[in-house]
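As a plain string of letters, each chain reads:
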Amino acid sequence: MKDDCCTTHPDYQAELPRLNRVAGQIEGIKKMIGERRYCPDILAQLRAARAALRTIEASILESHLGACVTDAVKQGNAAEKEAKISEIVNLFKRYEE
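This is a predicted model, so every value here is computed, not measured.

Trainee: Can you lay out the overall build of the protein for me, pointing to particular residues and giving the numbers?
Mentor: Within the protein one finds 3 helices and 0 strands. Along the protein, from the amino end to the carboxyl end, the secondary structure elements read α-α-α. Computed over its C-alpha atoms, the radius of gyration of the protein comes to 18 Å, more than 25% above the 13 Å expected for a compact globule of 97 residues. In the protein, which comprises 97 residues, the share counted as buried stands at 18%.

Trainee: Describe in detail the pattern of salt bridges, supporting the description with residues and values.
Mentor: The tally for this structure, following the rule as stated, stands at 5 salt bridges. Here K31 makes a salt bridge to E35, at a shortest N to O gap of 4.0 Å. Judged by its relative accessible area of 42%, E35 falls in the partly exposed class. One salt bridge in this structure joins K84 and E87, with 3.4 Å as the shortest N-O distance. Residue K84 and its partner E87 are both found in helix α3 (residues 78-94); the two are separated by 3 residues, about one turn of the helix. A single burial state applies to K84 and to E87, both of which are buried. Here the salt bridges share partners, and the residues they tie into one network are K31, E35 and R37.

Trainee: With reference to specific residues and values, describe helix α1 (residues 16-34).
Mentor: The end-to-end C-alpha distance of α1, which contains 19 residues, comes to 27 Å, matching closely the 27 Å that a straight helix rising 1.5 Å per residue would cover. Taken together, the buried positions of α1 are occupied by V22, I29 and M32. On an axial view of α1, the arc spanned by its buried residues comes to 70 degrees, and they lie on one face. Across from the buried face of α1, at angles greater than 90 degrees, the exposed residues are N20, K30, K31 and G34. Trailing α1 by a residue or two, R36 shows a phi angle of about 55 degrees, which is positive.

Trainee: Can you tell me about the side chain of E87, naming the residues and giving the values?
Mentor: Residue classification places E87 among the buried positions, given a relative accessible area of 12%. In terms of polar contacts, E87 uses its side chain to reach the side chain of H64, at 2.8 Å.

Trainee: Go over the environment of T70 with me, naming the residues and quoting the values.
Mentor: Within the secondary structure, T70 is located in helix α2 (residues 39-75). Here the alpha-carbon distance between T70 and K84, two residues 14 residues apart in the chain, equals 9.2 Å.

Trainee: Report on the packing of α1 against α2, specifying residues and quantitative values.
Mentor: Two elements in contact, α1 and α2, have axes separated by 10 Å at closest approach and are oriented at 160 degrees. Relative to α2, the element α1 is oriented roughly antiparallel. Taken as a pair, α1 and α2 cross one another with a handedness that is left-handed. On α2, the residues touching R18, L19, V22, Q25, I26, I29, M32 and I33 of α1 are D41, I42, Q45, L46, A48, A49, A52, L53, T55, I56 and S59. Each residue belonging to the contact of α1 with α2 can be placed in one class, and the counts come to 13 nonpolar, 4 polar and 2 charged.

What counts, and where the lines are drawn
- Residues numbered from 1 in each chain as written.
- Predicted model: local features only at pLDDT ≥ 70, side-chain atom pairs only at ≥ 80, totals over all residues.
- Heavy atoms only, no water.
- Helix = DSSP H or I, 4+ residues; strand = E, 2+ residues; numbered from the N terminus.
- Rg over C-alpha atoms; globule rule 2.2 N^0.38 Å.
- Buried < 20%, exposed > 50% of the residue type's maximum accessible area, 1.4 Å probe, protein only.
- Salt bridge = Lys/Arg side-chain N within 4 Å of Asp/Glu carboxyl O.
- Expected span 1.5 Å × (residues − 1).
- Arc of directions from axis to C-beta.
- Polar contact = N/O pair within 3.5 Å; in protein donor to acceptor, adjacent residues only side chain to side chain.
- Axes fitted to C-alpha atoms, helices over the stretch in contact; angles between N-to-C directions.
- Parallel < 35°, antiparallel > 145°, perpendicular 65-115°, else oblique.
- Left-handed = near helix turned anticlockwise from the far one by under 90°.
- Contact = heavy atoms within 4.5 Å.
- Nonpolar A, V, L, I, M, F, W, Y, C, P; charged D, E, K, R; others polar.

This is the structure in structure tokens:
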């Protein structure tokens with residue numbers, strides 16, 4: 001969902017090297033599967049890739065809370081504040097495990 005209430009969206013360019021590493025991990029996992037490698041080794045690499053993605057996700061969420069949500073709370077009207085709170089609640093509901 002695109003939201004234009006934030007005056008300046010954070011720049012996530014710093015996350016690109018991390019995402020490239022995860023992409024490399026995924027390519028490695030695909031190769032391991034193609035080579036019929038030992039299941040626990042594949043699972044370990046899958047877990048590592050998932051952990052790396054969670055780290056990136058946490059970093060982006062932290063930036064969103066610190067920039068976009070904070071901006072909406074400081075600058076926005078009551079409806080904007082409620083919309084941001086609802087957005088965060090829905091994010092957490094959607095990504096529950």
